[in-house]
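Residue-level listing of the chains:
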Amino acid sequence: MRFHTRKWVKPEDLNANGTLFGGRVLAWVDEEAALYSIIQLENKKVVTKYMSEINFMSTAVEGDIIEIGIDVIKFGITSISLNCEVRNKMTHESIVTVDNIIMVNLDEKGNPKPHGKTKIEYVKDRLAKKEKEENS
């Protein structure tokens, strides 16, 4: 799993128990899944369709640094399926796992649109391919 984003747990991220609020973590997970999908599908219009069971395994406290990891499960016709892990950066202890997040690619009218992707692509590879095409 590639861990793309880090978050610093601040006072406004805490619940009444003084630990990381689950709703804040889920907002971060949803945002990370959206960003990852937008980059992979090369379309700014991508929305969350589904999140499977969410498993809270531990917590974080103020001052902790957490990281969010995303892996692709599969590419659908109009969707991309991901899984996610949020862990404590210092201890590598899992805080939350989400086994399946389905993101849907949309057209200008908000309807599902085929994206034509079948595998993970890295921006550096896209840039190298574009440069090669421009130089030939």
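In the block above lies the structure referred to throughout.
On a predicted model such as this, the values are computed, not experimentally measured, just so you know.

**Quick word on the environment of H115**
Then comes step 1: You can see H115 is positioned in the loop between β6 (94-105) and α2 (123-135).
Then comes step 2: The exposure class of H115 is buried, given its relative accessible area of 12%.
Then comes step 3: The contacts of H115, once residues within four sequence positions are left out, are L41, F75, G76, I77, T78, S79 and N105.
Then comes step 4: Polar side-chain contacts of H115 include one of 3.0 Å to the backbone nitrogen of K117.

**Describing α2**
Then comes step 1: For α2, which comprises 13 residues, the first-to-last C-alpha distance of 18 Å matches the rise-based estimate of 18 Å (1.5 Å per residue) to within 8%.
Then comes step 2: Of all 13 residues in α2, one are buried, a share of ten percent or less.

**Remarks on the pairing of β6**
Then comes step 1: The buried count for β6 comes to nine of twelve residues, which makes it a mostly enclosed element.
Then comes step 2: Two elements, strand β2 (residues 46-51) and β6, share five bridges in a ladder whose sense is antiparallel. Each bridged residue has a counterpart across the sheet, and for T48 the counterpart in β6 is M103.
Then comes step 3: Here three bridges tie strand β3 (residues 54-56) to β6, and the two strands are oriented antiparallel to one another. When the bridges of β6 are listed, I54 appears paired with V98.
Then comes step 4: Where strand β5 (residues 79-88) lies against β6, eight bridges are found, and the strand directions are antiparallel. When the bridges of β6 are listed, C84 appears paired with V98.

Reading guide: rules and limits
- Residues numbered from 1 in each chain as written.
- Predicted model: local features only at pLDDT ≥ 70, side-chain atom pairs only at ≥ 80, totals over all residues.
- Heavy atoms only, no water.
- Helix = DSSP H or I, 4+ residues; strand = E, 2+ residues; numbered from the N terminus.
- Buried < 20%, exposed > 50% of the residue type's maximum accessible area, 1.4 Å probe, protein only.
- Contact = heavy atoms within 4.5 Å.
- Polar contact = N/O pair within 3.5 Å; in protein donor to acceptor, adjacent residues only side chain to side chain.
- Expected span 1.5 Å × (residues − 1).
- Pairing = 2+ DSSP bridges.

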